[in-house]
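# Reading the structure
Here is what each chain is made of, one letter per residue.
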Amino acid sequence: MIDWGSFVVVAVVSIGSAAVLVSLFSFGLRLLAGENRRWGARIGAYACFALAALGVLYGIYLIVPALHK
Amino acid sequence: MDLTYVVVLVIVLAIFFDFTNGFHDTANAMATPIATGALRPKVAVALAAVLNLVGAFLSTAVAATISGGIIREGPGGVDITPSMIFAGLIGAVIWNLVTWLRGLPSSSSHALFGGLIGAALVGAGLDSVDFSVVLSKVVLPALLAPLVAGIAAFLATRLAYRITRRPVEKNKRAGFRVGQIFTSSLVALAHGTNDAQKTMGVITLTLIAGGFLQTGSAPPFWVVVVCACAIAAGTYSGGWRIIQTLGGGLTDIKATQGFSAEASTAATVLASSHLGFALSTTQVASGSIIGAGLGRRGGAIQWSTAGKIVVAWFITLPASAAVGGLCELIARLGPVGLLIDAVLGLTVIVGIFVASRRRPAEQSNALEVDVAMNSVMTRNERRNAQKKRSEELLAARRRLSDESSLFGYGQDAS
């Protein structure tokens, strides 16, 4: 009647991907915080933002049917 | 019964439904960025409208059935007549407007299903509705959607606070506002691809039923254009009442929470639409906001508001079914019945708009400057005063949604 298997998959994927995206962005912000930040921290922060942006781009890829069909 | 006349009525009503769908659902994507001052209200609804417009053109694959299997339509089942679709749409539109008047986010697709179920029950008997599908596609997802999104947003919010915690230096949590713009846009785009398509499907299937199109044909281009414009116009007009409920009525949203909530909404909506377990965007968005509210230490949820929202979800289907059934009953009188339906529906719609003017929601940007002042100010002065107030409001929203560590607290507070 109700497909519990696919529900569990949806739940796990939703919770996991939200956590990953938010963590990436948060790490980026954390690395930017502080007065005398070093080079490495800055590069790390931008890397985090870039990865988060990739996540958003993947979302767009999923939304646009022409891209994945 | 003259079929052309019915088909025209259905198309006009379907387009209006698309409009209400747009303005009912602006809040899903844009309530949190407006609440935290990430976007100005006007900019937010304009962005959502554009993304809805674009989204509507991206995906035009029309569903094979109007009701998604809830009504046993097609060969061997019942024929959904255009008059049933008309009655169902009236039910959906009226319920959408009633919930909007009360500022309650409720699912537009559930309203549509409800209206059609009511019409089918009256028009084709009890056997026409597959109640096990109602349970598995409407009732259970209504429980599960906010649960999944709530857990996702709760965890995401906790993580975000934990990671950005800076006990001695200033944190950069204001940066979450930039992130909010992207996650909210994702939700708006997904909404455009999903919801405009539903109306396109209704119109196309009506045209097929009326014999104007071949069975199984794609929606004509004008249908796509009209549906895209209707949903975009609806989104731009902005259901401010619902935006207020989601943006401030449930919980006091900080930038960190807004980002976490929208990220969870986007993740859940995309996962559910690609892994085969459909969840309602509206319910996901509300669940995310509650989850984010619980995730912040010291965050409080207005449970009375949350309770009202949940009640609205569960009565959406029966309420619009009742209206749809009633309309179908009248519609069975023939063309006269349809006309009576149309007039009654229009009266109710106009009545709701009049009622909404009597208790206007704060239109966020169009703040009313004192009436007495209006008479003594020129148009330019009035415009400047409004602009100044909206700037102040935006600054206040930003200030309230920021959280600084104790370090430098004095400077921020001043």
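Residues numbered from 1 in each chain as written. Chains lettered and ligands numbered in written order. Predicted model: local features only at pLDDT ≥ 70, side-chain atom pairs only at ≥ 80, totals over all residues. Heavy atoms only, no water.

As a further point, take the overall build of chain B. Tallying secondary structure elements over chain B gives 15 helices and 0 strands in all. The buried share among the 414 residues of chain B stands at 57%. Pairs at least 24 apart in sequence give 84% of the contacts found in chain B among residues at least 6 apart. (Helix = DSSP H or I, 4+ residues; strand = E, 2+ residues; numbered from the N terminus. Buried < 20%, exposed > 50% of the residue type's maximum accessible area, 1.4 Å probe, protein only. Contact = heavy atoms within 4.5 Å.)

On to the overall build of chain A, then. The helix and strand tally for chain A stands at 3 helices and 0 strands. Looking at chain A as a whole, 45% of its 69 residues are labelled buried. Surface summary for chain A: the accessible area is close to 4000 Å², and the carbon and sulfur share equals 72%. (Areas by Shrake-Rupley, 256 points an atom, 1.4 Å probe, with all protein chains shown as cover.)

The geometry of a pair of packed helices is captured by two quantities: the angle between their axes and the separation between those axes. Residue and element names in this part refer to chain B. Remark: helix α2 (residues 41-58) packs on helix α7 (residues 221-237), axes separated minimally by 8 Å, with the N-to-C direction vectors making an angle of 165°. As judged from the angle between their axes, α2 and α7 are roughly antiparallel. Taken as a pair, α2 and α7 cross one another with a handedness that is right-handed. Seen from α2, the contacting residues are K42, V45, A46, A48, A49, N52, L53, A56 and F57; seen from α7, they are F221, V224, V225, A228, C229, I231, A232, T235 and Y236. Across the contact of α2 with α7, the residue classes break down as 15 nonpolar, 2 polar and 1 charged. (Axes fitted to C-alpha atoms, helices over the stretch in contact; angles between N-to-C directions. Parallel < 35°, antiparallel > 145°, perpendicular 65-115°, else oblique. Left-handed = near helix turned anticlockwise from the far one by under 90°. Nonpolar A, V, L, I, M, F, W, Y, C, P; charged D, E, K, R; others polar.)

This brings us to helix α4 (residues 108-124) of chain B. The end-to-end C-alpha distance of α4 of chain B, which contains 17 residues, comes to 24 Å, matching closely the 24 Å that a straight helix rising 1.5 Å per residue would cover. Directly after α4 of chain B, the chain includes G125 of chain B, whose backbone phi takes a positive value near 90°. (Expected span 1.5 Å × (residues − 1).)

What follows is about a nonpolar patch on the surface. Together, L51, L54, L57 and I60 of chain A give the surface a local cluster of nonpolar side chains, amounting to about 360 Å² of exposed area. If you trace the backbone, L54 of chain A turns up in helix α2 (residues 39-63). (Patch = residues over 30% accessible without salt bridge, like charges linked within 9 Å, V, L, I, M, F, W, Y side chains within 5 Å. Salt bridge = Lys/Arg side-chain N within 4 Å of Asp/Glu carboxyl O.)

So, on to the interface of chain B and chain A. Contact with chain B, which involves 45 residues of that partner, is made by 36 residues of chain A. Ranking the residues of chain B by area buried against chain A places I163, K172 and F277 of chain B at the top, with a combined share of 18%. On inspection of chain B and its partner chain A, the count reaches 2 residue pairs in polar contact (both at pLDDT 80 or more). Looking at the side of chain B that touches chain A, the elements with two or more residues in it are α5 (131-164), α6 (176-209) and α9 (255-274) of chain B. (Buried area = accessible area lost by both parts, 1.4 Å probe. Polar contact = N/O pair within 3.5 Å; in protein donor to acceptor, adjacent residues only side chain to side chain.)

Glancing now at the pattern of salt bridges. Residues and elements named next belong to chain B. Within the structure shown, the criterion is met by 4 salt bridges over all chains. Taking the shortest distance from any N to any O, the salt bridge between K198 and D195 comes out at 3.2 Å. Of this pair, K198 and D195 both sit in helix α6, 3 residues apart, which is roughly one turn of the helix. Classification of D195 as buried rests on a relative accessible area of 5%. Residue K254 is joined to D252 by a salt bridge in which the shortest nitrogen-to-oxygen separation is 3.6 Å. Beyond isolated ion pairs, a larger network of salt bridges with shared partners links D252, K254 and R296.

Further remarks concern the nonpolar core. If you look at the biggest cluster of nonpolar residues, it comprises 104 residues, and the most contacted ones within it are I70 and L89 of chain B. The residues touching I70 of chain B, leaving out its near neighbours within four places in the chain, are F113, I117, S128, V129, D130, V133, V134 and V138 of chain B. If you look at the next biggest cluster of nonpolar residues, it comprises 15 residues, including F25 and L32 of chain A together with F176 and A263 of chain B. (Core = buried A, V, L, I, M, F, W, Y, C linked by side-chain atoms within 4.5 Å.)

Our next topic: the packing of aromatic side chains. Tallying each qualifying case throughout the model produces 12 aromatic pairs over all chains. Look at Y46 of chain A and F49 of chain A: their rings are 6.5 Å apart centre to centre, the planes differ by 50°, and that puts the pair in the tilted class. With Y46 of chain A and F49 of chain A both in helix α2 and 3 residues apart, this pair spans about one turn of that helix. For Y46 of chain A, a relative accessible area of 46% puts it in the partly exposed group. Every member of this aromatic cluster is reached through a ring pair, and the members are F25, Y46 and F49 of chain A together with F176 and F259 of chain B. (Phe/Tyr/Trp six-rings, centres within 6.5 Å; stacked < 30°, edge-to-face > 60°.)

On to the confidence of the model for chain A. Of the residues in chain A, 90% reach a pLDDT of 70 or more, and the chain-wide mean stands at 86. Model confidence for chain A, summarised as mean pLDDT per element, is weakest for helix α3 (residues 65-68) of chain A at 76 and strongest for helix α1 (residues 4-32) of chain A at 90. (pLDDT = per-residue confidence, 0-100.)

Let's shift gears to the environment of S320 of chain B. Residue and element names in this part refer to chain B. Topologically, S320 is positioned in helix α11 (residues 303-331). For S320, a relative accessible area of 0% translates into the label buried. A sequence separation of 225 residues divides S320 from W95, and the C-alpha atoms of the two residues are 5.7 Å apart. Beyond its immediate sequence surroundings of up to four residues, S320 is in contact with G91, A92, W95, H110, A111, G114 and G115.

What follows deals with the environment of L394 of chain B. Residue and element names in this part refer to chain B. Relative to the helices and strands, L394 is located in helix α14 (residues 379-401). What makes L394 buried here is its relative accessible area of 6%. Excluding residues that lie within four positions of it along the chain, L394 makes contacts with G37, L39 and R40.

All names here are of chain B. The contact between α5 and helix α10 (residues 281-295) brings their axes to 6 Å, and the two run at 35°. The crossing of α5 and α10 is right-handed. Where α5 abuts α10, its residues P141, A142, A145, P146, A149, G150, A153, F154, T157, R158 and Y161 lie against Q283, V284, G287, S288, G291, A292, L294 and G295. A breakdown of the residues in the contact of α5 with α10 according to their chemical character gives 11 nonpolar, 7 polar and 1 charged.

Next up on the list: α7 of chain B. Residues and elements named next belong to chain B. Taking 1.5 Å of rise per residue, the 17 residues of α7 would be expected to cover 24 Å, and the 24 Å separating its terminal C-alpha atoms lies within 8% of that figure. What α7 keeps buried is the set V223, V224, C227, A228, A230, I231, A232, G234 and T235. Looking one or two residues past α7, G238 carries a phi angle of roughly 65°, positive in sign.

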